[in-house]
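Residue-level structural notes
So you can see what is in the structure, the chains are spelled out below.
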Amino acid sequence: MSDATLAPPPGDSRLAYLRRRLFSTWFDGIVTVVSGLALLWLITTVLSWALLDAVWSEENAEACKDAAGACWAVIDARGRLILFGLYPYEQHWRSALGCAIIIATMGLSCWPAMWGMWRLLGLWLAGFGSFVILLHGGVFGLEVVTSEQWGGLALTVFIFASVFVIGMPLAVVLALARRSNLPIISWMAAIFIDTVRSLPLLTILFAAAVVVPFVLPDWAQGTKLGRVIFGFALFYAAYQAEIIRAGIQSIPKGQEEAAQALGMTYRSTVLDIILPQAFRNTLPSTINQVVITFKETSIVTIIGFFEVTASASAAVGRGEWGAYYVEVYVFVALVYFIFVFGLSRYGAYLERRSRLSHV
Amino acid sequence: MIHKTLSALGAAAIALTLSTPATAAEGGPTIDMIKERGSLLCTGHNGSYLGFAEVDDDGAWSGFDIEMCKALATAILGSPDALQIIPVSWAQRFPALQSGDIDVIIKVTGWTMSRDTELGLQYSRPYFIGPTNIMTRADLGVSTPEDLEGGVFCINAGTSIERIVADYMGARDISYEALNFEKPEELRAALYAGRCDALAGFGPFLAATRFNAPNPDDFVILDAVLALEPEGIVAREGDDSFIDVINWMMSALLMAEEAGITMDNVDEIRANPPSSSIERLLGVSPGVGERLGLSDDWAYNMIKAVGNYGEIYERTVGDDSVYKLPRGANRLWKNGGLLYPLVLD
């Protein structure tokens, strides 16, 4: 019945509305004025720091010493280092294109028309394939660039996308295995999830990068980046599996029994009845986990990868720019914000889309 | 916390390798591996360590440690470009060396007993003597730590600097007040804001802090040295010939400085060597290469490519750089420092 609130009485103009909401008592008035002034002060301070008093271009870098505002010249000079890391300078276009391809692939797979197992599989194989070919090179006359030299935004986005694409199916399998009727399978899934969850991500990544080479023979090692992504994906899958399990358990048992009674196969029961509802019910926590994963990619700096955050700290780690770390971190925060905000908006869209019309 | 976890992990990783000591040495000495690969795998940093390993606008590495990597690459392979800088974090450097991800650690790595003995590492002679210094505000007119009686020190919390300052000041019975900060950025901001009279820390860090001050002339670094940490070049234990090459590389850089041989005049001096040991050093008369398994002109190539020790120092952290770090203990012995070349016979 929420649609039926009373219309404001005639004559209650916007001004009167404001007076009623903000200045109805003398105490309200003081709070309004004080917080309004504080807000105004905050906005003008930030604006004059970030825009009015700022130094914008590298040519004026000398002026940064005396400027009262931000020194965006550091982004002008070091921006390419932040966005591309240690990738060879002349080859930056490859890194940029690769990054665009991964972002486009992610964007396309968010589009409902692409939702089909084969379509998604083809899309991601094409996306990842062209990314690796572009960045690694060695074919089509492209110079070889080993994955140790990959960096910046392309690396951040690649790690994130790979972790999600490997981790999500794994999480579904783990969640189903944990609910399996066969004790050994459910037991093993539970042990796996609990073990991985009880280890810090840092430990897993460090072990994947540094300890695994001592344990596995050469041929089974893969690249360091590959091992790190795999370790990260295991970590993601353990958490995501529990989220999905919560979703599965929120579905009344009767639905599964009804499906069995109708003679539906296990495969069809899971794919058509259980999972769609489980995903819908856990959308907020899934988006949460995805957003956390995106931000956690910065941990790979500890094994020497130059993703965006590590590149940013390298960008300020040079005598002449050392004083302008605030500007650089604000820039990096903006980059993260664009992605994370995009992800959460998409999550909100999915929630709206999957809302049941008849409830 | 993170640091502790990593140290523990690093130790665990190394303990793993101890069961199979010196894996690389069995497969042939490190130098053969480097020559076969055609490049030296040397340490960079996961970010930047001011003055020692930095990344320029084009994404290329520079700095004192990087120049040493270039010198070593040139000595072994004849070109400073025969080098791959592998970025590693502090915690990762020892396991990365043991697993063969890198050939050598040149990363401001102090020569400590536990690293030398328990971790299965082999140190070269020190290539840099890292001092712990005090920087004060110039307007205080202070010239010795004694003048700072009763002053406020800004110190990085939980580091060895805290203990070094306490030891030094305690031994001299100088009272002081310590103000601890967790992050270098906070430390700097506190100093710039005048919250402390002095900042104690690793010399190169102080130099960078002074450079980044709103007005660098407001601060002076005192001559007094609170403690010294000898930084060595680290290789896997059991490959003596590789350590020999590193030690003689270092020695050749110092010998060149002592004899006044620079990047620019090395050709001139080679054409007209003033003494028989210079003749040998620059490969005019044979002997300097063969005994190390290198070419006879390795030292010449190296000096031609990166210059002598003094040139490297001044270019990266000294007077020709933005940091202007005084050479102090890193001067040659004849200028009052601690560094000296070995005898080339």
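Everything below is about the structure shown above.
Everything in this summary refers to the structure shown in the same document. (Residues numbered from 1 in each chain as written. Chains lettered and ligands numbered in written order. Predicted model: local features only at pLDDT ≥ 70, side-chain atom pairs only at ≥ 80, totals over all residues. Heavy atoms only, no water.)

1. Description of the overall build of chain B
Using the following cut-off: Helix numbering and strand numbering both begin at the N terminus, where a helix is a DSSP run of H or I of at least 4 residues and a strand a DSSP run of E of at least 2. Classification of residues uses two cut-offs on accessible area relative to the type maximum, computed with a 1.4 Å probe and protein chains only: under 20% is buried, over 50% is exposed, and between them is partly exposed. We call two residues in contact when some of their heavy atoms are within 4.5 Å. Each accessible area is a Shrake-Rupley result for a 1.4 Å probe, and residues are judged covered by the shown protein chains and nothing else. We treat Lys and Arg as the positive residues and Asp and Glu as the negative residues; His and chain ends play no part in the count. Think of each charge as sitting on NZ of Lys, CZ of Arg, CG of Asp or CD of Glu.
Per the secondary structure count, chain B includes 14 helices and 12 strands. Here chain B holds 345 residues, and the buried ones make up 54% of them. Sequence separation of at least 24 residues holds for 70% of the intrachain contacts in chain B that already meet a minimum separation of 6. Of the roughly 13900 Å² that chain B leaves accessible, carbon and sulfur atoms contribute 51%. For chain B, the centre of its 25 positive side-chain charges and the centre of its 49 negative side-chain charges are spaced 0 Å apart.

2. Some thoughts on the overall build of chain A
For clarity, the threshold we go by: To get the radius of gyration, use the C-alpha atoms; to get the globule rule, take the number of residues to the power 0.38 and multiply by 2.2 Å.
Across its full length, chain A carries 14 helices and 1 strand. The C-alpha atoms of chain A give 26 Å as radius of gyration, which overshoots the globular expectation for 359 residues (21 Å, by more than 25%). Across its three principal axes, chain A shows a C-alpha extent of roughly 70 × 65 × 40 Å. Per-residue burial for chain A yields a buried fraction of 43% across its 359 residues. Put simply, 68% of the contacts in chain A that link residues at least 6 apart link residues at least 24 apart.

3. With respect to the pattern of salt bridges
The cut-off we apply is this: We define a salt bridge as a contact between a side-chain nitrogen of Lys or Arg and a carboxyl oxygen of Asp or Glu at a distance within 4 Å.
A full pass over the atoms with the stated rule returns 16 salt bridges over all chains. A salt bridge links Asp 167 of chain B to Arg 163 of chain B; the nearest nitrogen and oxygen atoms lie 3.7 Å apart. Of this pair, Asp 167 of chain B and Arg 163 of chain B both sit in helix 7 (residues 160–171), separated by 4 residues, roughly a single helical turn. Given a relative accessible area of 46%, Asp 167 of chain B falls into the partly exposed group. Three or more residues joined by partner-sharing salt bridges are found here, namely Arg 178, Glu 242 and Arg 245 of chain A.

4. Some points on the state of the cysteines
Basically, it comes down to this: Here, two cysteine sulfur atoms that lie within 2.5 Å of each other are counted as a disulfide.
Per the counting criterion, the structure on display carries 2 disulfides over all chains. Between the sulfur of Cys 42 of chain B and that of Cys 69 of chain B lies a disulfide, 2.0 Å long from S to S. A torsion of -65 degrees about the S-S bond marks the disulfide between Cys 42 of chain B and Cys 69 of chain B as left-handed. On the criterion of sequence distance, the pair formed by Cys 42 of chain B in strand 1 (residues 40–43) and Cys 69 of chain B in helix 4 (residues 64–77) is long-range, its members being 27 residues apart. Exposure class is identical for Cys 42 of chain B and Cys 69 of chain B. Each is buried. Disulfide connectivity for chain B, with bonded cysteines indexed by sequence position, reads 1-2, 3-4. Left unpaired, Cys 99 of chain A is separated from the closest cysteine sulfur, that of Cys 110 of chain A, by 15 Å. Assessed through its relative accessible area of 8%, Cys 99 of chain A is described here as buried.

5. Re the interface of chain A and chain B
Note the cut-off: The term buried area refers to how much accessible surface (probe radius 1.4 Å) is lost by two components on association, counted for both of them together. Residues adjacent in sequence count toward polar contacts only when both atoms are side-chain atoms; beyond that, a polar contact is any pair of N or O atoms within 3.5 Å, and within protein one must be able to donate a hydrogen and the other to accept it. When residues are grouped by polarity, Ala, Val, Leu, Ile, Met, Phe, Trp, Tyr, Cys and Pro land in nonpolar, Asp, Glu, Lys and Arg in charged, and all others, Gly among them, in polar.
Contact with chain A, which involves 32 residues of that partner, is made by 38 residues of chain B. Of the roughly 3000 Å² buried at the junction of chain A and chain B (both faces included), carbon and sulfur atoms supply 63%. If you look at where chain A meets chain B, you find 2 salt bridges. We note a salt bridge from Arg 318 of chain A to Glu 54 of chain B, for which the minimum N-O separation is 3.1 Å. Taken together, the links from chain A to chain B amount to 7 residue pairs in polar contact (both at pLDDT 80 or more). Looking at the side of chain A that touches chain B element by element, the count peaks at 7 residues for helix 8 (residues 201–215) of chain A. A breakdown of the residues in the side of chain A that touches chain B according to their chemical character gives 18 nonpolar, 8 polar and 6 charged.

6. Here's the deal with the packing of aromatic side chains
Note on aromatic pairs: each is described by the distance of the centres and the angle between the planes. To keep things clear, this is the line we draw: Only centres within 6.5 Å qualify two rings of Phe, Tyr or Trp (six-membered ring in Trp) as a pair; their planes then separate them into stacked at under 30 degrees, edge-to-face at over 60, and tilted for everything else. Comment: the charge-over-ring label is applied if NZ (Lys) or CZ (Arg) is within 6 Å of the ring centre and within 35 degrees of the ring normal.
Counted according to the given criterion, the structure contains 28 aromatic pairs over all chains. Between Phe 128 of chain A and Phe 158 of chain A, the ring centres sit 5.6 Å apart and the planes meet at 90 degrees, which makes this aromatic pair edge-to-face. With Phe 128 of chain A in helix 5 (residues 117–136) and Phe 158 of chain A in helix 6 (residues 152–178), the pair connects residues that are 30 residues apart, well separated along the chain. An identical accessibility class is assigned to Phe 128 of chain A and Phe 158 of chain A; each is buried. Ring centres 6.0 Å apart and planes at 15 degrees place the aromatic pair Phe 64 of chain B and Tyr 127 of chain B in the stacked group. With Phe 64 of chain B in helix 4 and Tyr 127 of chain B in the loop between strand 6 (121–123) and strand 7 (128–137), this pair connects stretches of sequence that are 63 residues apart. Classification of Phe 64 of chain B by relative accessible area gives buried; the value is 0%. For Tyr 127 of chain B, a relative accessible area of 0% puts it in the buried group. Pairwise contacts between aromatic rings join Tyr 49, Phe 52, Phe 64, Trp 90, Tyr 127, Phe 128, Tyr 309 and Tyr 313 of chain B into one cluster. In this structure, Arg 80 of chain A is placed above the aromatic ring of Tyr 89 of chain A, and the distance from its NZ or CZ to the ring centre is 4.1 Å.

7. Quick word on empty space enclosed by the protein
All names here are of chain B. Our working definition: Using only the protein atoms, space was sampled on a 1 Å grid; points where a 1.4 Å probe fits but cannot get out form cavities, open sets with protein on both sides within 12 Å along at least five of seven lines form pockets, and lining residues are those with an atom within 4 Å of a point. Grid points are joined across faces, edges and corners, and a volume is the space filled by probe spheres set on the points.
For the structure on display, the rule yields 1 cavity of 30 Å³ or more. A volume near 50 Å³ is recorded for the largest cavity. As for the largest cavity, its lining consists of Thr 43, Gly 44, His 45, Tyr 49, Phe 52, Ala 53, Asp 65, Trp 90, Ile 106, Lys 107 and Val 108. The element best represented in the lining of the largest cavity is strand 5 (residues 105–110), accounting for 3 residues. Looking at the lining of the largest cavity, its residues break down into 6 nonpolar, 3 polar and 2 charged.

8. Points about unusual backbone geometry
Residue and element names in this part refer to chain B. Of note, Asp 173 is a non-glycine position whose phi angle comes to about 60 degrees, a positive value. Relative to the elements of secondary structure, Asp 173 occurs in the loop between helix 7 and strand 9 (177–181). Residue class for Asp 173 comes out exposed when judged on its relative accessible area of 68%. Although it is not a glycine, Lys 324 adopts a positive phi angle of roughly 55 degrees. When you line up the elements, Lys 324 lands in the segment after helix 14 (309–316).

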